[in-house]
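Remarks on the overall topology
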Amino acid sequence: MTDNVDGRVAETALCIQRATLDHLKHVIDLDARITGQSKPDYWQDIFERYGKRRVDQRFFLVAEAKGTDGILGLIAGEVRGWEFGSQPCGWIFAVSVDPEIRQKGIGEALFKAICDEFRQAGMSTVRTMVRRQNQLHMSFFRSEGMMAGPYTQLEMSLDDE
Ligand SMILES: CC(C)(COP(=O)(O)OP(=O)(O)OC[C@H]1O[C@@H](n2cnc3c(N)ncnc32)[C@H](O)[C@@H]1OP(=O)(O)O)[C@@H](O)C(=O)NCCC(=O)NCCS
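**Things to note about the packing of helix α1 (residues 21-35) against helix α2 (residues 40-51)**
Viewed as axis vectors pointing N to C, α1 and α2 meet at an angle of 135 degrees, and their least axial separation amounts to 10 Å. Taken as axis vectors, α1 and α2 run oblique relative to one another. For the crossing formed where α1 meets α2, the hand is right-handed. Here α1 contributes L24, V27, I28 and D31 to the contact with α2, which in turn contributes P40, W43, Q44 and F47. Class assignment for the residues of the contact of α1 with α2 results in six nonpolar, one polar and one charged.

Structure representation (structure tokens):
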């Protein structure tokens, strides 16, 4: 694949598009390699809900190297509104890049692509949730310009009583 002088994948070599049924097996394989857990039913369900229905507000995108089979990465999110008193905004709930080709700008290209989709859907804010100890996710999203938002997540164990 063509790289720029700065080591990033050239935009012209990259194709970011909506996930299709043909991508599904590659999505399942990539996620299994990254998380160590194969979840075909989960991804089939995500594809049904985010790849096929309400596609003006739900975005399941994959990055491919032009002219090759397989995927380099994925990002998924949707417009959500009025929960917890929030105005509608974009939410990103999954992002993954093939470990073999990280730190070459593919995650950033996916992030920018889904932000463009949210803008076209009329949104002016994008949110996500990151485990505090996950330095990689934190570094990535912060480098894309994301900062702490106005909400705090609360939880408790239901097993104690
Ligand atoms: C987070 C992730 C998507 C980043 O993808 P990527 O293609 O490597 O990211 P990019 O090359 O576009 O990097 C964009 C910025 O993120 C930051 N970044 C990326 N990788 C980093 C790392 N290892 N350490 C520190 N910062 C990093 C940098 O600031 C980088 O900007 P720079 O290139 O100007 O320095 C990728 O590492 C990944 O898939 N991680 C695992 C995700 C996962 O666990 N998914 C399953 C649950 S959803």
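The rest of the description comes next.
**A few points about the nonpolar core**
L61, A63, L74, I75, L110 and I114 are the most contacted members of the largest nonpolar core, which totals 29 residues. Every element with two or more residues in this core is listed here: β1 (14-18), α1, α2, β2 (58-65), β3 (73-80), β4 (89-97) and α3 (106-120). When residues of this core are assigned to their parent elements, the largest contribution, six residues, is made by α3.

**Thoughts on unusual backbone geometry**
Even without a glycine there, the phi angle at R54 is positive, about 45 degrees. Structurally, R54 can be placed in the loop between α2 and β2. The exposure class assigned to R54 is exposed, which follows from the 10 C-beta atoms found within 10 Å. The residue Q103 is not glycine, and still its phi comes out positive at about 55 degrees. In this fold, Q103 is placed in the loop between β4 and α3. Q103 sits in the exposed class, given 11 other C-beta atoms within 10 Å.

Cut-offs used in this document
- Residues numbered from 1 in each chain as written.
- Predicted model: local features only at pLDDT ≥ 70, side-chain atom pairs only at ≥ 80, totals over all residues.
- Axes fitted to C-alpha atoms, helices over the stretch in contact; angles between N-to-C directions.
- Helix = DSSP H or I, 4+ residues; strand = E, 2+ residues; numbered from the N terminus.
- Parallel < 35°, antiparallel > 145°, perpendicular 65-115°, else oblique.
- Left-handed = near helix turned anticlockwise from the far one by under 90°.
- Contact = placed C-beta atoms within 7 Å.
- Nonpolar A, V, L, I, M, F, W, Y, C, P; charged D, E, K, R; others polar.
- Core = buried A, V, L, I, M, F, W, Y, C linked by C-beta atoms within 7 Å.
- Buried ≥ 20, exposed ≤ 12 C-beta atoms within 10 Å, placed from the backbone.

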